[in-house]
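Given next are the chains, with one letter for each unit.
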Amino acid sequence: MTEFMMLVGLPASGKSTYAESLKAKGYHIHSSDAIREELTGDENAQDKNTDVFATLHKRVKDDVSNGISCVYDATNMSMKRRKAFLDEIKKYNCHKKCVLFVIPVEVCKERNKNRERKVPEEVFDKMLKQFNVPMRYEGWDEIKIVVDEEYNYDEEYVKLRQSAEIFEQDNSHHRYSLMKHMTKSANYFLYHFIDAVSCFQFENLSTALYNHDIGKLITKTFINQKGETTDEAHYYGHDHAGAYLFLCGFSQDLIESTDRILYIASLIDWHMHPYLAWKESEKARERDKRLIGEDMYQDIMIMHECDRAAH
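Since the model is a prediction, treat every value here as computed from it, not as a measurement.

A word on the packing of aromatic side chains
Stage number 1. The full count for this structure, using the stated rule, is 13 aromatic pairs.
Stage number 2. Where Tyr 157 meets Phe 250, the ring centres are 5.5 Å apart and the plane angle is 70°; that geometry is what we call edge-to-face. In this pair, Tyr 157 is assigned in helix H7 (residues 153-165) and Phe 250 in the loop between helix H10 (238-249) and helix H11 (251-256), connecting sequence segments 93 residues apart.
Stage number 3. With relative accessibility at 17%, the residue Phe 250 sits in the buried group.
Stage number 4. By way of ring pairs, the aromatic residues Phe 4, Tyr 72 and Phe 85 are connected into one cluster.
Stage number 5. The positively charged end of Lys 216 is found above the aromatic ring belonging to Tyr 235, 5.0 Å away from the centroid.
Stage number 6. In this arrangement the basic side chain of Lys 289 is found over the ring face of Tyr 297, its NZ or CZ atom lying 4.4 Å from the centre.

Remarks on the environment of Asn 187
Stage number 1. Considering the arrangement of structural elements, one finds Asn 187 in helix H8 (residues 178-193).
Stage number 2. According to the relative accessible area criterion, Asn 187 is partly exposed, its value standing at 31%.
Stage number 3. Separated by 119 residues in the primary sequence, Asn 187 and Cys 306 place their C-alpha atoms 8.4 Å from one another.

Here's the deal with a nonpolar patch on the surface
Stage number 1. A surface patch of nonpolar side chains, amounting to about 310 Å² of accessible area, comprises Leu 190, Tyr 191 and Ile 194.
Stage number 2. According to the relative accessible area criterion, Tyr 191 is exposed, its value standing at 63%.

Considering helix H12 (residues 258-270)
Stage number 1. Taking 1.5 Å per residue as the helical rise, H12 with its 13 residues ought to reach 18 Å, and the 18 Å between its terminal C-alpha atoms agrees with that figure.
Stage number 2. Extensive coverage of H12 is indicated by the burial of 11 of its 13 residues.
Stage number 3. Considered for burial, the residues of H12 that qualify are Thr 258, Ile 261, Leu 262, Tyr 263, Ile 264, Ala 265, Ser 266, Leu 267, Ile 268, Asp 269 and Trp 270.

Comments concerning the sheet that holds strand S4 (residues 95-102)
Hydrogen bonding along the main chain pairs the strands of a sheet, whether they run parallel or antiparallel.
Stage number 1. Reading across the sheet, the 5 strands line up as S2-S3-S1-S4-S5 and stay open at both edges, with parallel pairing between neighbours. Of all the strands in the sheet, just strand S2 (28-31) and strand S5 (142-147) have a single pairing partner and so form its edges. Direction aside, the axes of adjacent strands within the sheet are offset by 20° on average.
Stage number 2. As defined by bridge partners, strand S1 (residues 3-8) adjoins strand S3 (residues 70-73) across 4 bridges and the pair is classed as parallel. Looking across to S3, one finds that Met 5 is bridged to Val 71.
Stage number 3. Here helix H2 (residues 32-40) sits on the sheet and contacts S2 and S3; the angle it forms with S2, its principal contact strand, is near 70°.
Stage number 4. Strands in contact with helix H4 (residues 79-88) are S1, S3 and S4; relative to S1, the strand with the most contacts, it is inclined by about 170°.

Examining the pairing of strand S7 (residues 229-234)
Stage number 1. Sheet topology places strand S6 (residues 221-223) next to S7; 2 bridges connect them, and they run antiparallel. Residue pairing for S7: Ile 223 is matched across the bridge by Thr 229.
Stage number 2. Between S6 and the antiparallel strand that follows it, S7, lie 5 residues; Gly 227 among them carries a positive phi value of about 85°.

Side note on the packing of H7 against H8
The description of two packed helices rests on the angle between their axes and on the distance between the axes.
Stage number 1. Put simply, H7 and H8 touch, their axes get as near as 5 Å, and they point 100° apart. The angle between H7 and H8 falls in the class roughly perpendicular. When H7 is examined against H8, the residues Arg 161, Ala 164 and Glu 165 are found in contact with a partner set consisting of Leu 178, Met 179 and Met 182.
Stage number 2. Residue composition of the contact of H7 with H8, grouped by class: 4 nonpolar, no polar and 2 charged.

A short note on the packing of H12 against helix H15 (residues 294-309)
Stage number 1. Between H12 and H15, the least distance of the axes is 10 Å, while the angle of their chain directions is 60°. The pairing of H12 with H15 is recorded here as oblique in orientation. When you trace H12 past H15, the crossing you get is right-handed. Across the interface between the two elements, Tyr 263, Ser 266, Leu 267 and Trp 270 from H12 touch Asp 295, Met 296, Asp 299, Ile 300 and Met 303 from H15.
Stage number 2. Grouping the constituent residues of the contact of H12 with H15 by class yields 6 nonpolar, 1 polar and 2 charged.

Definitions and cut-offs
As a convention, each chain's residues are numbered from 1 in the sequence order in which they are written. A pLDDT threshold of at least 70 governs which residues receive local features in this predicted model, and a stricter bar of 80 or more applies before side-chain atom pairs are shown or counted, although totals over entire chains, interfaces and linings include all residues. Each side-chain value is derived from all of the structure's non-hydrogen atoms; neither hydrogens nor water enter the calculation. Pairs were defined over the aromatic rings of Phe, Tyr and Trp, the Trp ring being its six-membered one, requiring ring centres within 6.5 Å. Orientation was assigned from the angle between planes: stacked under 30 degrees, edge-to-face over 60, tilted for the rest. Numbering of helices and strands runs from the N terminus, with a helix taken as a DSSP run of H or I at least four residues long and a strand as a DSSP run of E at least two residues long. Accessible area is worked out with a 1.4 Å probe on protein chains only. A residue is then buried under 20% of its type maximum, exposed over 50%, and partly exposed in between. For a Lys NZ or an Arg CZ to count as sitting over a ring, it must be within 6 Å of the ring centre and within 35 degrees of the ring normal. Each patch groups residues whose relative accessible area exceeds 30% and which form no salt bridge, using 9 Å between like charges and 5 Å between nonpolar side chains of Val, Leu, Ile, Met, Phe, Trp and Tyr. The protein chains shown are the only cover counted for residues, whose accessible areas, like all others here, come from Shrake-Rupley with a 1.4 Å probe. By definition here, a salt bridge exists when the distance from a side-chain nitrogen of Lys or Arg to a carboxyl oxygen of Asp or Glu is within 4 Å. Expected span of a helix: the number of residues minus one, times 1.5 Å. At least two DSSP bridges between two strands are required for those strands to pair. All axes are obtained by fitting lines to C-alpha atoms, using only the stretch in contact for helices, and the reported angles, taken between N-to-C directions, cover 0 to 180 degrees. Should any heavy atoms of two residues lie within 4.5 Å, those residues are considered in contact. Every angle not falling under 35 degrees, over 145, or within 65 to 115 is termed oblique; those three ranges are roughly parallel, roughly antiparallel and roughly perpendicular. Three classes are used: nonpolar for Ala, Val, Leu, Ile, Met, Phe, Trp, Tyr, Cys and Pro, charged for Asp, Glu, Lys and Arg, and polar for all others, with Gly counted as polar. Definitions for this section: a left-handed crossing has its near helix turned counterclockwise from the far helix by less than a right angle. A right-handed crossing has that turn clockwise.

Shape descriptors only; they carry no functional weight alone.
Below is the structure:
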C-alpha cells in the first residue's frame, strides 16, 4: 500500500538522515529545506515559506495520487498544520504514518553546532514552546517513535525532577515550589477521584499531574508578552515544552507503550486550555471536544480541578 510519512522533530534531530535511508526503498523525499534552496538559492531564506510549502504539498499530493510512497521532511511541530494537511489528503488511499523524533533539545543543539547550516539557538526554544504531541485523532494510521539510543534519558530525567524540588515559581498565582505544586495536584486527585475513575484513568492522570508543569523549568521569564520586564515570572508555552520533556523522560515506556505515553503527554500539552482557549470561547471548547473526544476532554477537566486546587 502507498505510504505517506510525515517526520516530526526539532532541527538536528535526525529527520533528514532518516528520510535518506528510505530512498533505497523507493520513497520520494520532499524536504522543506531542499525546496527552499531550489526556489530561492538559499535554504536559510524565510521570505518564501508560502511558496515553499505550497510546492511541497503539491509534490506530496502528486505522489500519493499516483501510488508513490513519500516522506514529508520538515519540523511539523504544530498539530493544526499537521491535521490541516492530513485533511487535504483524506481522499487518497494511502497509509498515513507519523514519525516523531524524541531527541533531547540539548542533543539537538550540540549536533547543530557541527552542522554546516546552523539554526539559531533561540529557534529550538521557540519550537519547544509550540510543540504539539502527535495523536491519532489528527488522522494518523500509525505513529512511530525514534529516540537517541546513546543518550541516558533516565539519568537526565532524574536531574530534571531534582531541579523541580528547589524551583521557585515567583508568581503570585502559586505559593508553592514547582515540585510541591505538582505533588499537591496529584495528591488532590488521589483523595478526590480514586473512586471515580478506572484504574487505567488513575494511572494516566496521576502521572500527568505529577509532571504537568515540568516545562516551567525551561520557559521561565520575567519579560511579559509586551516585552516589559516584570516582578512576576511568566511561563509562556510551558505546557508544550513540558509535554516534550515528559516524552524524553519516559522514552523507554514510550517505545514499549507508545499510545499510553503519548496520551499522557497530550494531557500535559492540553492542560492549559481550560485556563485560556476554552475559558475565552465556548466555540473553541466544543470544537476541541469533538476532536479529542469526550473521554480525553473529561480527563483534562479533572486535571484542571486538581491543578487549581494546588495553587
